[in-house]
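Descriptive structure summary
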Amino acid sequence: MTDVPASPPALFARPDGLRLAYRHQAGTGPTIVFLPGYMSDMEGGKAVALNQWAAEQGRAMMRLDYAGCGASEGRFADGTLASWRDDVLLLLDQMIEGPVVLVGSSMGGWLALLAALARPDRVKGVVGIAAAPDFTEWGFTDADKALLKTEGRIEEPTPYGDQPYVTTLGFWESGQALRLLEGEIGIDCPVRLLHGQQDRDVPWYVAVKAAGKLRSSDVQTLLIKDGDHRLSRDGDIALLIRTVATLLDSL
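Predicted, not measured: the structure shown is a model, and the values here were computed from it. (Residues numbered from 1 in each chain as written. Predicted model: local features only at pLDDT ≥ 70, side-chain atom pairs only at ≥ 80, totals over all residues. Heavy atoms only, no water.)

As for the sheet that holds strand β4 (residues 59–64)
Across the sheet, which stays open at both edges, the eight strands sit in the order β1-β2-β4-β3-β5-β6-β9-β10 with mixed pairing between neighbours. This sheet does not close on itself; its edge strands, each paired only once, are β1 (10–13) and β10 (219–224). Here the average twist between neighbouring strands, direction ignored, is 20°. Sheet analysis places strand β2 (residues 19–25) next to β4, joined by four bridges and oriented antiparallel. Note that in β4 the partner of Y22 across the bridge is L64. Along the sheet, helix α3 (residues 107–118) contacts β3 (28–35), β5 (100–105) and β6 (123–129); its crossing angle with β5, the most-contacted strand, is approximately 150°. Packed onto the sheet, helix α8 (residues 234–250) meets β3, β4, β5, β6, β9 (191–196) and β10 and runs at close to 165° relative to β6. (Pairing = 2+ DSSP bridges. Helix = DSSP H or I, 4+ residues; strand = E, 2+ residues; numbered from the N terminus. Axes fitted to C-alpha atoms, helices over the stretch in contact; angles between N-to-C directions. Contact = heavy atoms within 4.5 Å.)

Structure representation (structure tokens):
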């Protein structure tokens, strides 16, 4: 499911002058904030479908592109997990009033958890879609890590687009410094984790491990037996919308 935007996204200047692209619609809160995955952007099928549902329901929502991604300025290779987390926090702080519910896909799920840790008073719920916390640890072989340290980057083909999948040493080191799964994750808000058991990129047991590490007592993990990494089929998107709607209704 894709959509052709009727107008260009809004732009917000970071302190260094680089402008971040976002789409923000007014409505009742908490504001839903969609965080895309690695090398993805806010015009993906899940983000657009959730935005359309939110608009129909009169709910506030924001979509955004991290620096170097989608319509935002900057170079992708300059981005790190920490800098993209800070992009999210900047837009949360400057463009949204009141509580938020973060919906993160793949790497966006990791960023959602990091943002919830950084803004516990603002983040009232988290929904992860194939969330990938700590993928710099479990997603790389020793050979990959050695190559990163000698070459400074890895480029791999990806089934999700024409451009190669690029990982820089800077991103990898940032991810390693922000790992969450080795101890308690001090988040107390409700968390919902959706994960396909046919996911070839992020093993489904990552969701189960994350659920066990979260301090919150209100954590639900839903495994979709025939679901892949993207979880972008019509039924998957319907499940996502039901999950977000139910979570919002419980707040």
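Okay, back to it.
Structural notes on the pattern of salt bridges
Tallied over the entire structure, the rule returns 19 salt bridges. A salt bridge links D16 to R14; the shortest N-O distance between them is 2.7 Å. Residue E137 is joined to K145 by a salt bridge in which the shortest nitrogen-to-oxygen separation is 3.7 Å. Connected through salt bridges with shared partners, the residues E137, K145, R179 and E182 form a single ionic network. (Salt bridge = Lys/Arg side-chain N within 4 Å of Asp/Glu carboxyl O.)

Some thoughts on the packing of aromatic side chains
Overall, the coordinates contain 10 aromatic pairs when judged by the stated rule. Ring centres of Y38 and W84 lie 6.1 Å apart, and the angle between their planes is 65°; on these two criteria the pair is classed as edge-to-face. Here W84 lies in helix α2 (residues 81–95) and Y38 lies in the loop between β3 and α1 (45–57), a separation of 46 residues in the sequence. Pair check on accessibility: Y38 and W84 agree, each one buried. Ring geometry for Y38 and F135: centres 6.1 Å apart, planes at 75°, overall edge-to-face. Within this pair, whereas Y38 is found in the loop between β3 and α1, its partner F135 is found in helix α4 (residues 135–138), the two being separated by 97 residues in sequence. Taken individually, Y38 and F135 each receive the classification buried, so the pair is uniform in this respect. (Phe/Tyr/Trp six-rings, centres within 6.5 Å; stacked < 30°, edge-to-face > 60°. Buried < 20%, exposed > 50% of the residue type's maximum accessible area, 1.4 Å probe, protein only.)

Here we look at the side chain of D134
Of note, D134 is situated in the loop between β6 and α4. Buried and without a salt bridge, D134 has R179 as its closest oppositely charged side chain, separated by 5.6 Å. A polar contact of 2.9 Å, which involves the side chain of D134, links it to the backbone nitrogen of L181. With residues near it in sequence (within four places) discarded, D134 still touches W110, L178, R179, L180, L181 and E182. (Lys, Arg positive; Asp, Glu negative; His and termini not counted. Polar contact = N/O pair within 3.5 Å; in protein donor to acceptor, adjacent residues only side chain to side chain.)

So, the pairing of β5
A large share of β5 lies buried, amounting to six of its six residues. Residues V100, L102 and G104 of β5 are buried on one face, and the alternating residues V101, V103 and S105, pointing to the opposite face, are buried as well. Two strands pair when backbone bridges link them, and β3 and β5 are joined in this way by five bridges, in the parallel orientation. If you follow L35 over to β5, its bridge partner there is G104. Note on the crossover from β5 through α3 to β6: the handedness is right-handed. (Right-handed = clockwise from strand over helix to strand, strands pointing away.)

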